[in-house]
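Each chain, letter by letter, is given below.
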Amino acid sequence: MLTPMLTIDRLGKDFGGIRAVAGVNLRVAANEILGLIGPNGSGKSTMVNLITGVFPPTGGRITFREEDITGWLPHQVLAAGIGRTFQNIRLFRGLTVWQNLWVAQGARAAGRGLFRRWLGIDRERLTQIEATLDFCGLGNKRDELAGSLAFGEQRRLELARILAADPELLLLDEPAAGMNVAEVGELRERILALRGRGKTVVLIEHHMELVMTVADRVAVLNFGEKICEGSPAQVQDDARVREAYLGVRRER
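Residues numbered from 1 in each chain as written. Predicted model: local features only at pLDDT ≥ 70, side-chain atom pairs only at ≥ 80, totals over all residues. Heavy atoms only, no water.

## Section: the nonpolar core
Note the cut-off: Residues belong to one nonpolar core when they are buried, are Ala, Val, Leu, Ile, Met, Phe, Trp, Tyr or Cys, and are joined through side-chain atoms within 4.5 Å. Relative accessibility thresholds used throughout: buried, under 20% of the residue-type maximum; exposed, over 50%; partly exposed, between the two (1.4 Å probe, protein chains only). Secondary structure follows DSSP: runs of H or I at least 4 residues long count as helices, runs of E at least 2 residues long count as strands, and numbering of each begins at the N terminus. Two residues form a contact once any of their heavy atoms are found within 4.5 Å.
Core analysis: the largest hydrophobic core is formed by 44 residues, its most contacted members being Leu157, Leu203, Val218, Val220 and Val235. It is helix α6 (residues 151-164) that provides the largest number of residues to this core, a total of six residues. Sequence-distant contacts of Val235, defined by excluding residues within four places in its chain, comprise Ile37, Met212, Val218, Val220, Cys228, Glu229, Gly230 and Val241. Ranked by size, the runner-up nonpolar core spans 25 residues in total, among them Val24, Leu169, Leu171 and Leu221.

## As for the packing of aromatic side chains
The condition that has to hold: Only Phe, Tyr and Trp rings are paired, with Trp represented by its six-membered ring, and only when their centres lie within 6.5 Å; those with planes under 30 degrees apart are stacked, over 60 edge-to-face, the remainder tilted. Lysine NZ or arginine CZ positioned within 6 Å of the ring centre and within 35 degrees of the ring normal marks a charge as sitting over the ring.
With the rule as written, the count across this model stands at two aromatic pairs. Summarising the aromatic geometry, the rings of Phe15 and Phe55 are spaced 5.2 Å apart at their centres and angled 80° between planes, so their arrangement reads as edge-to-face. Taken together, the residues span a long stretch of sequence, with Phe15 in strand β1 (residues 6-15) and Phe55 in the loop between α1 (44-51) and β4 (59-64) at a distance of 40 residues. Measuring from centroid to centroid gives 5.4 Å for Trp98 and Trp102, while their planes differ by 15°, and the two rings are stacked. One end of the pair, Trp98, and the other, Trp102, are both in helix α3 (residues 97-111), four residues apart, so they sit about a helical turn from each other. Trp102 sits in the buried class, given a relative accessible area of 16%. Positioned above the aromatic ring of Phe15 is the side chain of Lys13, whose terminal nitrogen or guanidinium carbon lies 5.2 Å from the ring centre.

## Details of the pairing of β1
The cut-off we apply is this: Strand pairing follows a simple DSSP-based rule, namely that at least 2 bridges must link the two strands.
Counting buried positions along β1 gives seven out of 10 residues, so the element sits mostly inside the fold. As judged from the seven bridges shared by β1 and strand β2 (residues 18-28), these two strands associate in the antiparallel manner. Note that in β2 the partner of Leu11 across the bridge is Val24. Once β1 ends, the chain turns through two residues before running back antiparallel as β2, passing Gly16 with a positive phi of about 65°. Pairing analysis gives five bridges linking β1 to β4, with the strands arranged antiparallel.

Written out as structure tokens, the structure reads:
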């Protein structure tokens, strides 16, 4: 691998006496789609929260484009170019679809110290918002309240909102949760299209078919530790992964 965009070295997080993440090492190359999977409680979402500054790590280091961002606050991480979606949808439900994107775009500008510039309306920003709405299939919903959208549309808005901030690296935390088959298919095409636009994606997901059909590499967590990493085929054939998901039958 060339110089990674994101480097995670011996990352750890303890909550009291519970170790949620235990010395994880991970590399993500520019323009790569990395799948991050594992059973419930394996530490996936905690990893996202550590990378994006929601939680400070107990130990280890996080490097983005060769800059140490360990312990940075969420707005600083976003300003640096790392965006994330949430497993539980967190839209501004009382704002319109368009306004949700406008706020997200401004959040990154403000994090860069460009708050005054963000307050101005310019053609480039408006064009970017409209293009993002169209990309996520929400162009005809721009003036509707976010809280009035159907569930699948809210999922798309969650993605559109962070895309409006134009991050280089996207951490997608279970974006397919609650989606039907057709919606998952559309999500698959959007993720691949994002890579075509030069984005780097870390996909945290329980939907195995989605992960295995879009990811270049897959890393597997279990009880906070990375137990396997490789191509989708290698991971699916790994006995440790099958044990983590299915358990081991004990002889009595």
